[in-house]
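Given next are the chains, with one letter for each unit.
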Amino acid sequence: MLSGSDTVYVLRYFDLIGRAEGCRLLLTAANASWTEEHPEWPAEKANQPFERLPVLVERSNGDEWILCESLTIERYLARVFGFMPTDLKQAALQEQMVDQQADLVPAFMAQLIATDDMKSKQFDEFNTLFDRMVKEHGRILSRNSSKQHLFGDQLSYADISLYAFYKVYIVYLKIYQSDIDEIVKPKLTPEIINLILSIEKEPLLAPHLSKCDSMAAVLSSKAF
Amino acid sequence: MAASKNPQYTLRYFDRIGVAEGSKLLLSVANVEWAEEHPEWPLEKPNQPFGRMPVLIEKHANDKDFVICESGNIERYLARAYGFIPSDIRQAALQEQLRDQASDMFAAFISQLVAKSEEDRRENFAKFDGLLDKLVEVQTKQINANGNIGYMFGDRLSYADIVTYAFYKIIVVGMVKRQANIVNIVKPKLTPQLIKLIATVEANPLLASYMARGDSLAAIVTKPTPARL
């Protein structure tokens, strides 16, 4: 671990799963001293380095260091706390998967806000991209001997990011589109469901996930 | 006879100045052997790892190819492999942050470009405009903190300089055919510090052969704006 035991973190975000769940899970898995702040918005917008959230504040030895951009924060925490491989190629494979997942966000938004004439086309694009993402998760998993992890046999950044990804599309985004979980759940293979549930059971994640609804109940309620 | 360099790279992308620009610049400054491929599109879509480009193929003489995709990921991999991202984790994160911020601005640019209704276009343009102002502010602040010497960090070209340059080039040079007025929107906002950084990047000897292609961003941003009569 590369951070001192007297280092404390503050994660500033909205009181939502949103784009911060990966950060929360990494701070939890790291057993870091951390708290969350929910700045009043938009009142506090101008006080953020880039007028956006999340923001990570790292305080140690009386110093304060600030970082923004959700994926930069994730990669930073993953490196500091040893969840990112030190081998550049192995790290690139994990970061690639995370960036591919992030590509889904604009596609989701496009189909959400599309006018009637574009709705069908935008939905098809989102659907195709999501299918491709599930296939990619399956491909990575098939190449790993452990089926409880994407890479190696210990919790990694990729595992944490995958869990947060499915949580966003099955739980969080329902506030924007109530049927998104029914669109996404049938796409999940038994292997991916098994992986999600294995990650959920990781002891390192318990301090955070014990406060959240389990995905297990949601995933087992598939109507067949 | 010089031995050919190992590894060799192929970068697959469209024949345009787009999100692969940072990767092309990094391959150039890394001083490796590299070539571009412009696969027929969308014919070659299914043959790419994620149905998208850019794709980077690293070929080794005695090993199998290493293939990665996602523009930011390719950039970070090359930048780390060839010493343009610091090994200090915090310093690396500060550089990556600048890229993600520039990328946010670019996403906002695209939103206003593709907006269908006049109302959406105006709203999205306002968001892009505001974000661009904020980006220029944080970039200029960092350049000043480093003594305004033409580099974001330290005293030599780094990842942060390259990606800052790249995103302005994508918008001002790459996108001008799709939005002719973009130069007149972006150029007045560029601070002298940013113009100096852009010129410094382009003048780097490591980029001499890449810049021989033309498409100078520095030429556009340092050209005096004609006085209005």
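Scroll up to find the structure this text is about.
Residues numbered from 1 in each chain as written. Chains lettered and ligands numbered in written order. Predicted model: local features only at pLDDT ≥ 70, side-chain atom pairs only at ≥ 80, totals over all residues. Heavy atoms only, no water.

So what's going on with the overall build of chain A? Which residues, and what values?
The number of helices and strands found in chain A is 9 helices and 4 strands. The linear arrangement of helices and strands in chain A, starting from the amino end, is β-α-β-β-β-α-α-α-α-α-α-α-α. Taking 2.2 N^0.38 as the reference for a compact globule, 224 residues should give roughly 17 Å; the C-alpha atoms of chain A span a radius of gyration of 18 Å, in line with that estimate. If one aligns the C-alpha atoms of chain A with their principal axes, the spans along those axes are about 55 × 45 × 35 Å. Looking at chain A as a whole, 54% of its 224 residues qualify as buried. About 10,400 Å² of surface is accessible on chain A, with carbon and sulfur atoms providing 52% of the total. Across chain A, 23 positive and 32 negative side-chain charges occur, with their mean positions spaced 5 Å apart. (Helix = DSSP H or I, 4+ residues; strand = E, 2+ residues; numbered from the N terminus. Rg over C-alpha atoms; globule rule 2.2 N^0.38 Å. Buried < 20%, exposed > 50% of the residue type's maximum accessible area, 1.4 Å probe, protein only. Areas by Shrake-Rupley, 256 points an atom, 1.4 Å probe, with all protein chains shown as cover. Lys, Arg positive; Asp, Glu negative; His and termini not counted. Charge placed at Lys NZ, Arg CZ, Asp CG, Glu CD.)

So what about the side chain of arginine 76 of chain B? Which residues, and what values?
If you trace the backbone, arginine 76 of chain B turns up in helix H2 (residues 71-81). Judged by relative accessible area, arginine 76 of chain B falls into the buried class, the value being 3%. The residues contacting arginine 76 of chain B, other than those within four sequence positions of it, are Arg75, Glu95 and Asp99 of chain A together with Ile85, Glu96 and Tyr159 of chain B. (Contact = heavy atoms within 4.5 Å.)

Account for the sheet that holds strand S4 (residues 63-69) of chain B, naming residues and giving values.
The strand order across the open sheet built from 4 strands is S2-S1-S3-S4 (chain B), with neighbouring strands paired in mixed fashion. The outermost strands of the open sheet, each flanked by one partner alone, are strand S2 (33-37) and S4 of chain B. Along the sheet, successive strands turn relative to each other by an average axial angle of 20 degrees, direction set aside. Two strands pair when backbone bridges link them, and strand S3 (residues 55-60) of chain B and S4 of chain B are joined in this way by 5 bridges, in the antiparallel orientation. Note that in S4 of chain B the partner of glutamate 58 of chain B across the bridge is phenylalanine 66 of chain B. Its contacts with the sheet place helix H3 (residues 88-113) of chain A against S3 and S4 of chain B, and it is angled at close to 30 degrees to S4 of chain B. (Pairing = 2+ DSSP bridges. Axes fitted to C-alpha atoms, helices over the stretch in contact; angles between N-to-C directions.)

Lay out the nonpolar core in plain terms, naming residues and giving numbers.
If you look at the biggest cluster of nonpolar residues, it comprises 147 residues, and the most contacted ones within it are Tyr166 and Tyr169 of chain A together with Tyr168 of chain B. With 12 residues, helix H5 (residues 159-174) of chain B is the single largest residue contributor to this core. Apart from the residues lying within four places of it in its own chain, the contact partners of tyrosine 169 of chain A are Leu104, Val105, Phe108, Phe126, Phe130, Ile180, Asp181 and Val184 of chain A. (Core = buried A, V, L, I, M, F, W, Y, C linked by side-chain atoms within 4.5 Å.)

I'd love a proper account of the packing of aromatic side chains, names of residues and values included.
Evaluated as defined, the whole model comprises 23 aromatic pairs over all chains. On the numbers, 5.4 Å between centres and 20 degrees between planes, the contact of phenylalanine 130 of chain A with phenylalanine 165 of chain A is stacked. On the criterion of sequence distance, the pair formed by phenylalanine 130 of chain A in helix H4 (residues 116-142) and phenylalanine 165 of chain A in helix H5 (residues 157-170) is long-range, its members being 35 residues apart. Neither phenylalanine 130 of chain A nor phenylalanine 165 of chain A differs from the other in exposure class; each is buried. When the centroid spacing of 5.5 Å and the interplanar angle of 85 degrees are considered together, the rings of phenylalanine 14 of chain B and tryptophan 41 of chain B count as edge-to-face. One end of the pair, phenylalanine 14 of chain B, is in the loop between strand S1 (8-12) and helix H1 (21-29); the other, tryptophan 41 of chain B, is in the loop between S2 and S3, and 27 residues separate them in sequence. Residue classification places tryptophan 41 of chain B among the partly exposed residues on the basis of a relative accessible area of 28%. In textbook terms, an aromatic cluster arises when at least three aromatic residues are bridged by ring pairs, as seen for Phe108, Phe126, Phe130, Phe165, Tyr166 and Tyr169 of chain A. The cationic tip of lysine 89 of chain A hangs over the ring face of phenylalanine 66 of chain B; the distance from NZ or CZ to the ring centre is 5.2 Å. Here the basic side chain of arginine 16 of chain B rests over the ring of phenylalanine 14 of chain B, its NZ or CZ set 4.3 Å away from the ring centre. (Phe/Tyr/Trp six-rings, centres within 6.5 Å; stacked < 30°, edge-to-face > 60°. Lys NZ or Arg CZ within 6 Å of the ring centre and 35° of its normal.)

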